[in-house]
Amino acid sequence: MANWQIGEARISAIVEQTLGGLEALITKAKPEALAEIDWLAPNYVDDAGNMVGLVQCFVIETGGKLVVVDTCVGDNKDLPSNAEWNQQQFGLLEKFEAAGFDPDKVDLVLCTHLHLDHVGINTRLVDGVWQPTFKHARYLFARSEYEYWKAEAEREPVDPETLEKPFDKMRAAFHQTQIHAHEQSVEPVMAAGLAELVDPPCQPLPGIFLVPTPGHTPGHVSVAVGAGDAKALITGDSFHHPCQIARAEWATVADIDRDASTETRRTILDQLAGTDVLMLGTHFAEPNGGRIVEDGDSYRFDA
Ligand SMILES: [Zn+2]
């Protein structure tokens with residue numbers, strides 16, 4: 001388990017699973033284009049030229065508080081449009097406990113956004129009912145993010161089979177999946193009264209900040225940890241893969257507003273470049289913590 005000490009905060013990464021399909025997500029990252037970014041191999045692009053990534057959560061211990069950032073895909077989730085994640089047993093909660101963390105002692109759950117792979121163990125299935133996993137925690141959702149996905153969950157799904165274009169089919173299937181994820185992993189937390197809607201930027205705890213980083217989703221946030229010289233930034237899905245550090249304009253097909261996501265990546269890179277701020281990429285393969293350094297007219301990840 002990778003971990004980092006940021007001032008008085010300790011951050012640990014707990015991996016749920018490897019993430020495939022990055023080639024389909026970042027369509028501009030063709031093998032020959034990736035090969036031009038020589039520092040990606042061997043950690044982020046394997047010997048066969050494939051992009052590698054992870055689904056993971058970060059746990060922050062600071063000031064006697066326990067914070068979980070992004071809760072991955074989760075177990076037993078009914079996600080019929082997503083075969084890889086439908087009704088699976090990834091055992092993230094067991095890994096969380098094996099790492100020495102007690103779900104009942106979690107104070108705060110933060111979701112960078114409400115996509116299905118960031119809300120999973122928000123809930124667990126108990127006697128056929130979805131219940132909050134972290135019973136004594138406050139769960140913070142950005143208001144604009146929650147309202148967007150609530151409206152999406154209420155929008156009538158379209159059968160992907162009735163659509164012509166592959167991109168439209170993909171979007172319709174993803175919409176169906178998100179409806180399920182919202183109903184299983186977000187609304188039960190609201191119903192239990194554990195969720196709080198917030199308007200970032202905000203500071204939910206001393207040394208923990210939610211920073212708006214929109215584009216991938218409307219209310220996407222990154223989580224800044226620490227103060228002064230000791231700082232880290234958990235970037236959520238504003239970056240999916242380190243190749244986007246070198247090529248900020250390589251938006252993903254899952255970015256709802258690709259211009260905004262590109263602008264967000266540029267802003268983060270400009271702000272972090274040459275500083276000691278540790279960037280933690282939520283879907284990055286290990287080593288997933290590093291600093292941003294200038295590299296010609298672009299940037300590179302110094303892990
Ligand atoms: Zn994601």
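You'll find the structure just up there.
Residues numbered from 1 in each chain as written. Predicted model: local features only at pLDDT ≥ 70, side-chain atom pairs only at ≥ 80, totals over all residues. Heavy atoms only, no water.

**Q** Just give me the short version of the layout of surface pockets, but keep the residues and values in it.
**A** Estimated volume of the largest pocket: approximately 940 Å³. Around the largest pocket sit 34 residues that line it, and Leu25, Asn82, Met170, Phe174 and Ala254 are the ones nearest its centre. Listed by contribution, the elements that provide at least two residues to the lining of the largest pocket are strand E2 (9-19), helix H1 (22-25), helix H4 (143-154) and helix H5 (166-185). By residue number, the principal contributor to the lining of the largest pocket is H5, which donates eight residues. Classifying every residue of the lining of the largest pocket gives 15 nonpolar, twelve polar and seven charged. Estimated volume of the second largest pocket: approximately 240 Å³. For the lining of the second largest pocket, the secondary-structure elements that each account for two or more residues are strand E11 (208-212), strand E13 (230-234) and helix H8 (258-272). (1 Å grid on protein atoms, 1.4 Å probe; cavity = no way out; pocket = protein on both sides within 12 Å on 5 of 7 lines; lining within 4 Å. Points joined across faces, edges and corners; volume = space filled by probe spheres on them. Helix = DSSP H or I, 4+ residues; strand = E, 2+ residues; numbered from the N terminus. Nonpolar A, V, L, I, M, F, W, Y, C, P; charged D, E, K, R; others polar.)

**Q** Hey, could you go over the nonpolar core for me, with residue numbers and the actual values?
**A** Counting residues in each nonpolar core, the largest one holds 65 residues, and the members touching the most others are Phe96, Cys243, Ile245 and Ile292. With sequence-adjacent residues up to four places away left out, Cys243 is seen in contact with Ile26, Ala29, Leu34, Ile37, Leu40, Met51 and Trp250. Among the nonpolar cores identified, the runner-up in size contains 24 residues, and Trp4, Leu108, Leu205 and Leu278 belong to it. (Core = buried A, V, L, I, M, F, W, Y, C linked by side-chain atoms within 4.5 Å. Buried < 20%, exposed > 50% of the residue type's maximum accessible area, 1.4 Å probe, protein only. Contact = heavy atoms within 4.5 Å.)

**Q** Which residues make up the sheet that holds strand E5 (residues 108-110), and what values do they have?
**A** Across the sheet, seven strands lie side by side as E1-E2-E3-E4-E5-E8-E9; this open sheet has mixed pairing. Where the open sheet ends on each side, the last strands, each with one partner, are strand E1 (3-6) and strand E9 (195-198). In this sheet, adjacent strand axes meet at a mean angle of 25 degrees when their direction is disregarded. Note that E5 and strand E8 (residues 138-142) share three bridges and pair parallel. From the neighbouring strand, Leu110 faces E8, where its bridge partner is Leu140. This element, H4, spans E8 and E9 of the sheet and lies at about 80 degrees to E8. (Pairing = 2+ DSSP bridges. Axes fitted to C-alpha atoms, helices over the stretch in contact; angles between N-to-C directions.)

**Q** So what's going on with H4? Residues and values would help.
**A** Because each turn of an α-helix spans 3.6 residues, side chains separated by three or four positions in sequence point in the same direction. Its twelve residues place the ends of H4 17 Å apart at the C-alpha level, agreeing with the 16 Å of an ideal helix rising 1.5 Å per residue. Those residues of H4 that sit buried are Glu145, Tyr146, Trp149, Glu152 and Ala153. Taken end-on, H4 shows its buried residues confined to a sector of 130 degrees, consistent with a single buried face. Next to the buried residues of H4 lie E8, H5, helix H6 (187-191) and E9. (Expected span 1.5 Å × (residues − 1). Arc of directions from axis to C-beta.)

**Q** Can you break down the coordination of the zinc ion residue by residue, with the values?
**A** Each protein donor to the zinc ion is listed here as Asp117 (OD), His118 (NE2), Asp237 (OD) and His283 (NE2); together their distances run 2.1 to 2.2 Å. Read from N- to C-terminus, the donor residues coordinating the zinc ion fall into the pattern D-H-x118-D-x45-H. Of this pair, His118 sits in the loop between E5 and strand E6 (123-126) while Asp237 sits in the loop between E13 and helix H7 (243-246), and the two are 119 residues apart along the sequence. Considered together, His118 and Asp237 belong to a single accessibility category, that of buried residues. (Donors = N, O, S within 2.8 Å, 3.2 Å for Na, K, Ca; no water.)

**Q** Mind laying out the sheet that holds E13, listing which residues take part and the relevant values?
**A** With mixed pairing, the seven strands of this open sheet are ordered in space as E10-E11-E12-E13-E14-E15-E16. The outermost strands of the open sheet, each flanked by one partner alone, are strand E10 (202-205) and strand E16 (298-302). Strand-to-strand twist of the sheet, defined as the mean angle between neighbouring strand axes without regard to direction, takes the value 35 degrees. Sheet topology note: the strand E14 (residues 278-280)/strand E15 (residues 289-295) ladder contains two bridges and is antiparallel. Within E15, the position partnered with Leu280 by the bridge is Gly289.

**Q** An account of the pairing of strand E3 (residues 53-62) is requested, with residue identities and associated values reported.
**A** A regular strand places its side chains so that they alternate between the two faces of the sheet. Counted residue by residue, E3 has nine buried out of ten residues, so it is predominantly covered. Here E2 runs beside E3; their pairing, made up of nine bridges, is antiparallel. Within the sheet, the bridge partner assigned to Ala13 lies in E3 and is Phe58. The pairing of E3 with strand E4 (residues 65-69) spans five bridges and is antiparallel. Considered in E4, the bridge of Thr62 is made with Lys65. Counting the residues in the hairpin turn of E3 and E4 gives two residues, including Gly63, whose phi is positive at 55 degrees.

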